[in-house]
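The chain contents come next:
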Number of protein chains: 2
Amino acid sequence: MNEISEQLHGKGRYATRTRERVAQVLREERRYLTAHAIHEMLVARGISISLSTVYRTLELLVGLGVAATRGEENGEISYVFCTVQHHHHAVCRTCGRVEEVGCGPLARFARDLRAGQGFELEDHAIELYGRCSDCAKR
Amino acid sequence: MNEISEQLHGKGRYATRTRERVAQVLREERRYLTAHAIHEMLVARGISISLSTVYRTLELLVGLGVAATRGEENGEISYVFCTVQHHHHAVCRTCGRVEEVGCGPLARFARDLRAGQGFELEDHAIELYGRCSDCAKR
DNA sequence: AATAATTTGACGACGAATCGCAAATTCATG
DNA sequence: CATGAATTTGCGATTCGTCGTCAAATTATT
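Scope of this entry: the structure provided in the associated data block. (Residues numbered from 1 in each chain as written. Chains lettered and ligands numbered in written order. Predicted model: local features only at pLDDT ≥ 70, side-chain atom pairs only at ≥ 80, totals over all residues. Heavy atoms only, no water.)

This part covers the pattern of salt bridges. One pass over the full model with this rule turns up eight salt bridges over all chains. In this structure, Arg-70 of chain A and Glu-72 of chain A form a salt bridge, with 3.0 Å as the shortest nitrogen-oxygen distance. Here the two residues Arg-70 of chain A and Glu-72 of chain A agree in accessibility, since each one is buried. Between Arg-27 of chain B and Glu-20 of chain B there is a salt bridge, and its shortest N-O distance comes to 2.4 Å. Judged by relative accessible area, Glu-20 of chain B falls into the partly exposed class, the value being 22%. (Salt bridge = Lys/Arg side-chain N within 4 Å of Asp/Glu carboxyl O. Buried < 20%, exposed > 50% of the residue type's maximum accessible area, 1.4 Å probe, protein only.)

Laid out in structure tokens, this is it:
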């Protein structure tokens, strides 16, 4: 089976069909989705699932480290599938696809920041917006 | 008077004492605050103001470009005072102070991103966390 | 001071997110 | 494959942040 089932079993949680379906949506879409959007997509596929369960499953996936959250400007919370620990997201403005990217050049940025205004950089959150390789061709 | 009053007059809006007080809190604090927090701070100062007015004033300040918003992970929306157009925020983890910083090294980052995975960078949102110069000394 | 405009406060509406509990599902065991 | 203990699910109610409505108050102008 997949990793999520194993991770759940290792923590004494059940790997249910419902949870697998929520994770599947995130895996397929690879873009930021609200709990409501995920719920609607599942219902559209003819799958019966409650909104509460979607919320609880998403919370679980975030705890497992396979999903990340983002607070939208309108107060909603969006979720996206992700695989590695520390990274950032490049969001395509055309198709919404989310790619994971490293944070290489931040080292020099941190140096400049300390030299310039004495700020000691410890962590950072970056969101990048633009066109993914597919959408940039058109 | 100050700039905000002039900007309001130029748009046919009134520069009221209430609005000045909300702006004053943001100017003094220089950190991300929710509408509720701002409301409580004003009430604690003995100022009578409704939560609705705080919300409306914050919306107005964002429209004027003197405040910026951030969606928190719990779905709340926070506001911070800011002065220049495009910039990013360095948030002190000790005192919460927010400093504005430029985005110099992003140019090279954009080049690497395009070369690496074909992503065309158009815009970005960055939040930096660490210690401001004062807190770093202790 | 009078007038026309905007703004304020109180109240309610709305939606996102959470909680409690009974019913259903999952999983290990025999 | 049936059984039982554990977890999970669904439903409804609830909380909470945010926004809309409208009469009363405030502001700016004459």
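And the narrative resumes.
Bringing the environment of Leu-51 of chain A into the picture now. Position of Leu-51 of chain A relative to the elements: it lies in helix 4 (residues 51–64). Setting aside residues up to four positions removed in sequence, Leu-51 of chain A forms contacts with Ala-35, His-36 and His-39 of chain A. (Helix = DSSP H or I, 4+ residues; strand = E, 2+ residues; numbered from the N terminus. Contact = heavy atoms within 4.5 Å.)

What the rule picks out here adds up to zero aromatic pairs over all chains. Over the ring of Tyr-32 of chain A we find Arg-70 of chain A, and its NZ or CZ is 3.9 Å from the ring centre. (Phe/Tyr/Trp six-rings, centres within 6.5 Å; stacked < 30°, edge-to-face > 60°. Lys NZ or Arg CZ within 6 Å of the ring centre and 35° of its normal.)

Moving on: unusual backbone geometry. Although it is not a glycine, Arg-30 of chain A sits at a positive phi angle of roughly 55°. Structurally, the position occupied by Arg-30 of chain A is in the loop between helix 2 (17–29) and strand 1 (33–34).

As a further point, take the protein's contact with DNA strand C. Neighbouring DNA strand C are 23 residues, the closest being Tyr-55 of chain A together with Thr-16, Arg-19, Thr-53 and Arg-56 of chain B. Each atom of DNA strand C within 4 Å of the protein was classed as base or backbone; sugar and phosphate made up 74%. For DNA strand C, a base oxygen lies 3.4 Å from a polar atom in the side chain of Tyr-14 of chain A. In the environment of DNA strand C, a base nitrogen lies 3.0 Å from a nitrogen or oxygen atom belonging to the side chain of Tyr-14 of chain B. When contributions to the surface near DNA strand C are tallied by element, the ones reaching two or more residues are helix 4 of chain A together with helix 2 (17–29) and helix 4 (51–64) of chain B. Along the lines of polarity and charge, the residues of the surface near DNA strand C split into six nonpolar, 11 polar and six charged. (Near = heavy atom within 4 Å. Polar contact = N/O pair within 3.5 Å; in protein donor to acceptor, adjacent residues only side chain to side chain. Nonpolar A, V, L, I, M, F, W, Y, C, P; charged D, E, K, R; others polar.)

What follows deals with the protein's contact with DNA strand D. Surrounding DNA strand D, one finds 24 residues, the nearest of these being Arg-19, Thr-53 and Arg-56 of chain A together with Tyr-55 and Ile-77 of chain B. Here, DNA strand D places atoms within 4 Å of the protein, and 72% of those atoms are sugar or phosphate. Between a base nitrogen of DNA strand D and a side-chain N or O atom of Ser-52 of chain A, the distance comes to 3.2 Å. One of the side-chain N or O atoms of Thr-53 of chain A is found 2.5 Å from a phosphate oxygen in DNA strand D.

All names here are of chain B. Residue placement: Arg-45 occurs in the loop between helix 3 (35–44) and helix 4. With sequence-adjacent residues up to four places away left out, Arg-45 is seen in contact with Val-25 and Glu-28. A polar side-chain atom of Arg-45 sits 2.9 Å from a polar atom in the side chain of Glu-28.

The next subject is helix 3 (residues 35–44) of chain A. Residue and element names in this part refer to chain A. For helix 3, the set of buried residues is Ala-35, Ile-38, His-39 and Leu-42. All buried residues of helix 3 lie within an arc of 100° about the axis, which places them on one face of the element. Among the exposed residues of helix 3, those oriented more than 90 degrees off its buried face are Glu-40 and Ala-44. Tucked inside the fold, the buried residues of helix 3 contact helix 2, strand 1, helix 4 and strand 3 (77–81). Where helix 3 terminates, the next one or two residues include Gly-46, which has phi positive at roughly 85°. (Arc of directions from axis to C-beta.)

Honestly, it's all geometry; don't read function into it.
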